[in-house]
Number of protein chains: 2
Amino acid sequence: MIHSQLIDPKSIVVVGASNHLGKPGGKLFHNLLSGTFRGELYALHPTEKEIQGRPAFADVRDLPCVDLAFLAVPAAACPALVKALAEEKSTKAFVVVSAGFSEESPEGAVMERQMVEICRKHDAVLIGPNCIGVMTPAYQGVFTLPIPRLVPDGCDFISGSGATAVFIMESGLQKGLSFNQVFSVGNSAQTGVEDVLAHLDESFDPKQSSRVKLLYFETIKNPRKLLVHASSLISKGCRIAAVKAGSTDAGSRAASSHTGALANSDTAVDALFRKAGIVRCHGREDLTTVASVMQLPPLQGKNLAIITHAGGPAVMLTDTLAKGGLDVPRLEGPRAEELLSHLFPGSSVANPIDLLATGNATQVDLALEYCENHFPEVDGVVVIFGTPGLAPVFDVYDVLDRRIRSGRKPIYPVLPSVVTASREVEVFLSKGHLNFPDEVLLGEALVRLAATPLPARLPEVSGGENRSGLRTLMEEAGDGYLSPREVGAFLDLARIPRVREVVVGQESGLQDAIARVGFPLVMKVIGPVHKSDVGGVVLNLDSETSVLQAFERMKAIDGWEGVLLQSMERGMEFFLGATWKRDSDT
Amino acid sequence: MIHSQLIDPKSIVVVGASNHLGKPGGKLFHNLLSGTFRGELYALHPTEKEIQGRPAFADVRDLPCVDLAFLAVPAAACPALVKALAEEKSTKAFVVVSAGFSEESPEGAVMERQMVEICRKHDAVLIGPNCIGVMTPAYQGVFTLPIPRLVPDGCDFISGSGATAVFIMESGLQKGLSFNQVFSVGNSAQTGVEDVLAHLDESFDPKQSSRVKLLYFETIKNPRKLLVHASSLISKGCRIAAVKAGSTDAGSRAASSHTGALANSDTAVDALFRKAGIVRCHGREDLTTVASVMQLPPLQGKNLAIITHAGGPAVMLTDTLAKGGLDVPRLEGPRAEELLSHLFPGSSVANPIDLLATGNATQVDLALEYCENHFPEVDGVVVIFGTPGLAPVFDVYDVLDRRIRSGRKPIYPVLPSVVTASREVEVFLSKGHLNFPDEVLLGEALVRLAATPLPARLPEVSGGENRSGLRTLMEEAGDGYLSPREVGAFLDLARIPRVREVVVGQESGLQDAIARVGFPLVMKVIGPVHKSDVGGVVLNLDSETSVLQAFERMKAIDGWEGVLLQSMERGMEFFLGATWKRDSDT
């Protein structure tokens, strides 16, 4: 769906370009003019002859053919403009920044559908409406600030909310986070977050593509697509961090379904992300911290060294890492003694490596040298170095610059004096480096990354018959809920393994059932709703005698209709998102 | 212990003052000169005749009498200088910023003890050594930067680590956090964090004293003192936030004690803080965010309104608040309709109150007016307002300024465009306001504050006999551990209520024991170590028959020596920090 005309257009028109930089069309044109775009850039304006020094066109018909069109005009004017451009100017990509569509009114929704229909007919891609725009290495087509640092190995960022994207970039800027492509999908009329991710997967080039993907969304329209392409990208060496907001609202709706914790959509999102290998974040600061960690070389183990001239932050970081399952291992032996001998009296190399308040650039360099080459147990290094304001710390940050460039192990800089050493931090960031101003937020990000498993191997995709069987089953579930029997059939059709189970109504059937299910097993009464309350669930039955005893006892329960025996074998995890079951676009 | 000579000295001498601003004594003198100090300021230097434009003294004997002395000279010179000043110049307060004492070597520890002894003898207060100094409204005696905004209702901040204090102030500065007094206690040779807190409690003036106290420490030397004075300050209307770092190290040591989860010192710190009403924080960003919330009027309920021009951040904040037990209640009824009628089409007042990207200052003002005066269910308001960079937002922040000054309900400003709107944010902060750049970190702080209970009423202090009994018991515990019987005696002496329990060796004793303990009760086998593994613990016994059955069964357990019956009555919480039991200064 996403064409090269969107990613690397030869020509762009801004419909609604303006000389007024306080207007979206004006700022968008300005950002395109002052950015990296080197193709033909046209402005469309009904009356102005010149826009920001460029000649302006009054009518679409006067334009040459054009690959990509930005629309920054009132909603009502958009469908006709999209039609004219698609039909007469071979335009294959549209970015509609205008608002006033489905997010505002039923009439807006009609216009939005019209644009989608026109684009479908002409095989054109539509981004938006109601978005801030798109940035790729070829152009910066947004009407907002800030424009972040754009480099080939920066993050690819897809956002379901424009303003949130702006504020996420603000948060990233202070850490030196860089970007490669930014997509604001707005109302996702045609192209949603998952669709852009699918494009990034399908167009992935191991030599050139960025390896960090960031997502922000409030609804996951197509969890299957997200799962497939996120897993695929991660298996190609990418890392993905995402915020799925709106979890509590959805959670309360799901709670009405009587299916308990698993049906809580937040749990389902957690499960989906875990399965896909996506690191789940919950806020902007969180997302940009995790993203910054992802931009550094991966931590190939659990052991961190901490080099610092300030004990307290190192202690707080150690707490955070240790609580989260990472280690700050004790450094011992001749090499550690050797390092210690080069430091001031009172220093420690036990880890944290504490250089004391008098620690200097030479010592930081030496400690990094030892961590890189002489302490094989160290997988990565955090350097915490600010200033009390007695002297500049350019020399320390120059050491960091050199070591980060040359080292194999990741080095995480914590430069806390963002006010007193603002100039030094600025120069350091300008060299393309990152800063984690708060060590505990860094520690939490490291922990979260380490705790996110690699994507699960996806189950084989079911064949045509199964898929249609699944669809039939869905469509027949009148009220939107599936009965336990239907759930079982659903899982079997989807070839999702489940535990062995047998229903037994007579004592005579027990022996055969045990043989089929196997020990240990659980017995559940059939009939009563609140099984546990009436003693209708017994776990860990592991002998014929205990099964018989439990069977006899359950027969006496009011409402008894029989019992269900289920295997308690481990490792039979499955993923079931009840709220997504009607999604048709798999 | 802490005198007015430390808090509000009439005269100060800096021993080791220098013309070199890169030296601690130089910067300290400079900070004193350029700060609020209006008394006599002297410089002591062996050779220089003038320090930073002030005449310098070469010898202590040449000085007039002086209230407060800062020492910034090598450690070896300090004890004699303290002695001379205390004996000959009536100096009653010493702040030793020099390092090289107990933190470095046994010789340093000796010199540190000498200074403490001299101060004790002359009834003088000693802060440090190895600290950054002290700031009060009367003077700014630190050798570091930044010097934060100092105002009477700023935070009182006590830190066990100087560099950490510096970096905490850096973190606070960006949010506009202000301070009143800052104490860096360094090695706490004489005066520790708890001692300064006790002073703040004992000198508390409801008309003038600041109501927010911040603590950073790595060891709690005197938990009882902390508990008493923190509770007392909170009962006087103060709020306290603290970082206790080093929890995992201590925790692993405590784990060796075989006393399980309760003895984990981190759990003990949690319990102590909860009992005292202290909000526990785990990092710098965390601490300064909680402190900023504390500086605003208290939230008198659980209901927040969120006013925003950006949906995403409001959704993430709503998630955070809802997960943490706070509410973002639906706003309905005629007043809500009325407000909606004044907003642009597509806006929402359901809460979050979403003004859309086109929202302006007038609308923010109106929404705040409704939250303040027409929505009684709203206890506080978060305003999320940044900019996409099309126009300045001074007008919106002016509205915030006015509303924060005049409103009764707390207003929490989230101004995320710290880069694009840096000038607007700066002007807003310069008026004494706060900014929470990340809404999720704000939400977490609000949740934590709401979840911290008021201090528990302290148990009556035990009398003299009990105290000496407790001390005897401690001293007799040779290896540092108490036997279960000794723990029981300890709790009884301290008048800490505990559950009723009786040991029974014969079936004939059961009836009497049941009468004394009462149902429901727990039976535990005496003898075997891993009781649960051998079925030696039975909970919830509530009839004579069940007690008898359990007794018969346990008799058969290998190593049986009898059983312990204990009441299962609820509400018998007690606090026991095993690692603190040898502390003698209660």
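Higher on the page you've got the structure.
Residue positions are given per chain, counted from 1 along the sequence in the order it is written. Chain letters start at A and ligand numbers start at 1, both assigned in the order the entries are written. In view of the model being predicted, local features appear only for residues whose pLDDT reaches at least 70, and side-chain atom pairs are presented and counted only at 80 or more, with totals across whole chains, interfaces and linings using the full set of residues. No hydrogens and no water enter the side-chain calculation; it runs on all heavy atoms of the structure.

The contact criterion used is simple: two residues touch if any of their non-hydrogen atoms lie within 4.5 Å. Contacts between the two partners involve 60 residues from chain B and, on the opposite side, 59 residues from chain A. The junction of chain B with chain A conceals about 4,200 Å² of combined surface from both sides, 59% of it contributed by carbon and sulfur atoms. Summed over the three residues of chain B that lose the most area to chain A, namely Phe167(B), Arg284(B) and Leu390(B), the buried surface amounts to 16% of that side. Put simply, a salt bridge is a Lys or Arg side-chain nitrogen that is within 4 Å of an Asp or Glu carboxyl oxygen. Taken together, chain B and chain A are joined by four salt bridges. Between N or O atoms, a polar contact is any pair within 3.5 Å; within protein, one atom must be a potential hydrogen donor and the other a potential acceptor, and residues adjacent in sequence are included only when both atoms are from side chains. On the surface where chain B and chain A come into contact, there are 22 residue pairs in polar contact (both at pLDDT 80 or more). Only helix 2 (24-33), helix 5 (162-173), strand 13 (239-244), helix 8 (247-255), helix 10 (284-295), helix 11 (311-323) and helix 16 (439-451) of chain B provide two or more residues apiece to the side of chain B that touches chain A. The term buried area refers to how much accessible surface (probe radius 1.4 Å) is lost by two components on association, counted for both of them together. Starting at the N terminus, helices and strands are each numbered in turn, a helix being any DSSP run of H or I of at least four residues and a strand any DSSP run of E of at least two.

Defined by distance alone, a disulfide is two cysteine sulfur atoms within 2.5 Å. As enumerated under the stated definition, the model contains zero disulfides over all chains in all. Here Cys65(A) stays unpaired: no disulfide links it, and the sulfur of Cys119(A), its closest cysteine neighbor, is 16 Å away.

Superposition of the copies used a least-squares fit over C-alpha atoms from residues whose pLDDT is at least 70 in both. Once chain B is rotated about the relating axis by 180° and shifted along it by 0.0 Å, it coincides with chain A to within an RMSD of 0.4 Å. Both copies of the chain, as the preceding transformation shows, are related through a two-fold rotation axis. Counting the interface residues of chain B, we find that 98% of their copies in chain A are interface residues as well, pointing to one common contact surface.

All names here are of chain A. All chains considered together, the criterion is met by 48 salt bridges over all chains. One salt bridge connects aspartate 286 with arginine 448, and the closest N-O pair in it is separated by 2.7 Å. Linking aspartate 286 in helix 10 (residues 284-295) with arginine 448 in helix 16 (residues 439-451), this pair joins segments that are 162 residues apart in sequence. Working definition: with a 1.4 Å probe on protein chains only, accessible area under 20% of the residue-type maximum means buried, over 50% means exposed, and in between means partly exposed. According to the relative accessible area criterion, aspartate 286 is buried, its value standing at 18%. Assessed through its relative accessible area of 25%, arginine 448 is described here as partly exposed. A salt bridge links arginine 408 to glutamate 372, with the shortest nitrogen-to-oxygen separation between them at 3.2 Å. Of the two residues, arginine 408 sits in the loop between helix 14 (394-406) and strand 18 (411-414) while glutamate 372 sits in helix 13 (residues 361-373), which places them 36 residues apart along the sequence.

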